[in-house]
Amino acid sequence: MKYKLVSDAVVKRLPKYRRYLKQLKENNVSRISSGELADKMNLTASQIRQDLNNFGGFGQQGYGYSVDNLHDEISNILGMNKEYSAVMVGCGRLGEALANFLKNYEPNIKIDAICDIRTDFHGKEVVGVKIMNKQEFDAYLDSNKADIAILTVPPETLSEVVELLTAHDIKGIWNFGLTDLEIKGVAVSNVHLSDSLQSLIYYINHPE
């Protein structure tokens, strides 16, 4: 289903809604009002209603939201109701941690191939997937389609990796490298762990 164009701010709040709703499901909460959800998420009830109205609303006056239904609807909007094939390039400690995170928390995103240039990594397994060398990885991409690439590579190898991936029609890149990517026709999320840490340090030094 196609939805009307929404702001990046709304899109970035959707995973937060999904995460809180999942917690409510695990606590056997069957329904919740926009006000109750707003209190949990540090938003306003009006903001939540406005966000959800972009996609149809989903609530009933006097009843609120069905937690199960709203979780499923937001999963559908995000596309998290589908399965995705992922490849990982760079599998040091960060890459291994990300692979285990996906396996445990987002199992519909399945890592099917892992590549690392370090020869001592070749043949080892992470989340049940053997780490390939570059030649093996090239051959894998020639024969298999992947939706998402997860990158934890240094800046000096990034352009070569991106060229290879875009040649094989990767749809999205989850980039943990130090250099931001912007690629026409490819969805990219640049993640800098140090950004959130530096924001934390700011608030430590500038308390309200």
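That block above? That's the structure.
Residues numbered from 1 in each chain as written. Predicted model: local features only at pLDDT ≥ 70, side-chain atom pairs only at ≥ 80, totals over all residues. Heavy atoms only, no water.

Draft legend 1. How the structure looks around unusual backbone geometry. Look at Asn-42: it is not a glycine, yet its phi comes out positive at around 60°. Counting through the fold element by element, Asn-42 comes out in the loop between helix 2 (34–41) and helix 3 (45–53). Residue class for Asn-42 comes out exposed when judged on its relative accessible area of 71%. Residues other than glycine seldom take positive phi values, yet Val-127 does so here, at roughly 45°. Summarising the element assignment, Val-127 is placed in the loop between strand 5 (125–126) and strand 6 (129–132). (Helix = DSSP H or I, 4+ residues; strand = E, 2+ residues; numbered from the N terminus. Buried < 20%, exposed > 50% of the residue type's maximum accessible area, 1.4 Å probe, protein only.)

Draft legend 2. Structural view of the nonpolar core. Val-87, Phe-137, Leu-151, Leu-165 and Ile-173 are the most contacted members of the largest nonpolar core, which has 22 residues in total. Put simply, the parts of the chain that give this core at least two residues each are strand 3 (84–89), strand 4 (109–115), helix 6 (134–143), strand 7 (148–151) and helix 7 (155–167). When residues in this core are grouped by element, the largest group, five residues, is from helix 7. Setting aside residues up to four positions removed in sequence, Phe-137 forms contacts with Val-87, Val-89, Ala-113, Cys-115, Met-132, Leu-164 and Leu-165. Residues Val-10, Leu-14, Tyr-20 and Phe-55 belong to the second largest nonpolar core, which totals 20 residues. (Core = buried A, V, L, I, M, F, W, Y, C linked by side-chain atoms within 4.5 Å. Contact = heavy atoms within 4.5 Å.)

Draft legend 3. Summary view of the side chain of Asn-54. Structurally, Asn-54 is set in the loop between helix 3 and strand 2 (65–66). Polar contacts involving the side chain of Asn-54 include one to the main-chain carbonyl oxygen of Gln-50, which spans 3.1 Å. From its side chain, Asn-54 meets the backbone oxygen of Asp-51 in a polar contact 3.2 Å long. (Polar contact = N/O pair within 3.5 Å; in protein donor to acceptor, adjacent residues only side chain to side chain.)

Draft legend 4. Main features of the sheet that holds strand 3. Within the open sheet, the seven strands sit side by side as 5-6-4-3-7-8-9. Their pairing is mixed. Looking at which strands have only one partner, the edges of the open sheet turn out to be strand 5 and strand 9 (187–190). As paired strands, strand 4 and strand 6 are joined by two bridges and run parallel to one another. Bridged to Cys-115 within strand 6 is Met-132. Along the sheet, helix 6 makes contact with strand 3, strand 4 and strand 6, crossing strand 6 at roughly 115°. The sheet strands contacting helix 7 are strand 3, strand 7 and strand 8 (172–175), and the helix crosses strand 7 at an angle near 170°. (Pairing = 2+ DSSP bridges. Axes fitted to C-alpha atoms, helices over the stretch in contact; angles between N-to-C directions.)

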